[in-house]
Amino acid sequence: MVCLGNICRSPMAEGLLRHKGREQNLGVLVDSAGTANYHIGKAPDARMVQTAQKNGVDIGGLRARQFVLKDFDEFDRIFAMDKENYGHILSLAKNDAQTSKVSLILNDEQNVPDPYYGSLSDFQAVFDILDLATNGIIDNIKHE
Ligand code: 4NP
C-alpha cells in the first residue's frame, strides 16, 4: 500500500487489509510505504489513528518508511492510493514484471483523497473508501 507520506492513507489501507486477512486466515503479508521521505520513522497521523480505532482497527504501532526498489521483489501486488503516486512507482519499475504488479487501489482511475489538510470527517471518508477497497482485494485474493 503506497501513498505520499505513509502517515494517512497507506497505513490505513495496510491496517484494514491486515485486519481482514487475519480475521479470515488468508495468510497475507501486508505492508505500506510512502513515495516521499518527509515522515520516515513517524507514527501515522493522530487523526488517522483515532479514526481507525473508532472503527475497530489498530494502526498506532505502524511507522512510516519510504518505498524502496526491493519492494518490487518482496510483494506480489503494489497498490497506489492516487494517480500521482501510481506514476511515481511506475517510473521506478525496471521491467514488465515489476510494472505489472502496480495498480491504483480504486477502480476507474479514482484517487483516495489526501486527508492531510482536511478535517476528521475527511479521515472517516478515507476509512470508508479503503474499507470497501480492501473488501475488493480480499475477494480477489480468495478467487486467486
Ligand atoms: P498520506 O498523506 O500521503 O496519505 O500519508 C500525506 C501526509 C503528509 C503530507 C502529504 C500527504 N505532507 O505533505 O507532509
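Here, the structure is the one placed above.
Throughout this description, residue numbers start from 1 for each chain and increase along the sequence as written. At least 70 in pLDDT is required for a residue's local features to be given in this predicted model, at least 80 for side-chain atom pairs to be given and counted, and no such filter applies to totals for whole chains, interfaces and linings, which use all residues. The side-chain values count all of the structure's non-hydrogen atoms but skip hydrogen atoms and water molecules.

> Quick rundown of the site of the ligand? Include the residues and the values.
Around the ligand, the neighbouring residues are Cys3, Leu4, Gly5, Asn6, Ile7, Cys8, Arg9, Tyr38, His39, Asp114, Tyr116 and Tyr117. Interatomic distance of 3.3 Å between a backbone N/O atom of Asn6 and an oxygen atom of the ligand. Two N or O atoms form a polar contact when they lie within 3.5 Å of each other; inside protein one atom must be a possible hydrogen donor and the other a possible acceptor, and for residues adjacent in sequence the pair counts only when both atoms belong to side chains. Here Asp114 contributes a side-chain N or O atom positioned 3.4 Å from an oxygen atom of the ligand. Among the residues making up the shell around the ligand, the classes are represented as seven nonpolar, three polar and two charged. Near, as used in this document, describes a residue that has one of its heavy atoms within 4 Å of the molecule or strand being considered. Any residue that is not Ala, Val, Leu, Ile, Met, Phe, Trp, Tyr, Cys, Pro, Asp, Glu, Lys or Arg is counted as polar, Gly included; the first ten are nonpolar and the last four charged.

> Residue-level account of the packing of aromatic side chains, with values.
The criterion for an aromatic pair is that two Phe, Tyr or Trp rings (for Trp, the six-membered ring) have centres within 6.5 Å, with stacked assigned to planes under 30 degrees apart, edge-to-face to planes over 60 apart and tilted to the rest. Summed over the entire model, instances satisfying the criterion amount to two aromatic pairs. Judged by centre distance (5.2 Å) and plane angle (80°), the ring pair of Phe67 and Phe72 falls under edge-to-face. Exposure remark for Phe67: the relative accessible area of 10% places this residue in the buried category. Centroid distance Tyr116 to Tyr117: 4.9 Å. Interplanar angle 80°. Geometry classified as edge-to-face. Exposure remark for Tyr117: the relative accessible area of 78% places this residue in the exposed category. Categorising residues by exposure relies on relative accessible area from a 1.4 Å probe, with only protein chains included: less than 20% of the type maximum marks a residue as buried, more than 50% marks it as exposed, and the intermediate range marks it as partly exposed.

> Outline the layout of surface pockets, supporting the account with residue identities and numerical values.
Here a cavity is any set of points on a 1 Å grid over the protein atoms alone where a 1.4 Å probe fits but cannot get out, and a pocket is any open set with protein on both sides within 12 Å along at least 5 of 7 lines; a residue lines the site when it has an atom within 4 Å of a point. Grid points are joined across faces, edges and corners, and a volume is the space filled by probe spheres set on the points. Quantified by volume, the largest pocket comes out at close to 450 Å³. Lining the largest pocket are 22 residues, with Leu29, Phe75, Asp76, Arg77 and Phe79 positioned closest to its centre. Per-class residue counts for the lining of the largest pocket are 13 nonpolar, two polar and seven charged. Approximately 190 Å³ is the volume found for the second largest pocket. Together, Arg77, Phe79, Ser103, Leu104, Ile105, Leu106, Asn107, Ala133, Gly136, Ile137 and Asn140 line the second largest pocket. Of all the elements in the fold, those that place two or more residues in the lining of the second largest pocket are strand E4 (102-104) and helix H6 (120-143). Partitioning the lining of the second largest pocket into residue classes produces six nonpolar, four polar and one charged. Numbering of helices and strands runs from the N terminus; a helix is a DSSP stretch of H or I covering at least four residues, while a strand is a stretch of E covering at least two.

> Any chance you could break down the pattern of salt bridges for me, citing the residues and the numbers?
Pairing between side chains of opposite charge can happen when their charged atoms approach one another. The salt bridge criterion pairs a side-chain nitrogen of Lys or Arg with a carboxyl oxygen of Asp or Glu, the two atoms within 4 Å. For the structure shown, the criterion picks out seven salt bridges. The partner of Arg47 in a salt bridge is Asp45, with the nearest N and O atoms 2.8 Å apart. Judged by relative accessible area, Arg47 falls into the partly exposed class, the value being 25%. What makes Asp45 buried here is its relative accessible area of 11%. The shortest N-O distance in the salt bridge between Lys70 and Glu74 comes to 3.5 Å. The class of Lys70 is exposed, set by a relative accessible area of 55%. Here Glu74 falls in the partly exposed class, since its relative accessible area comes to 44%. One connected set of salt bridges, linked through shared partners, spans Asp31, Arg65 and Asp71.

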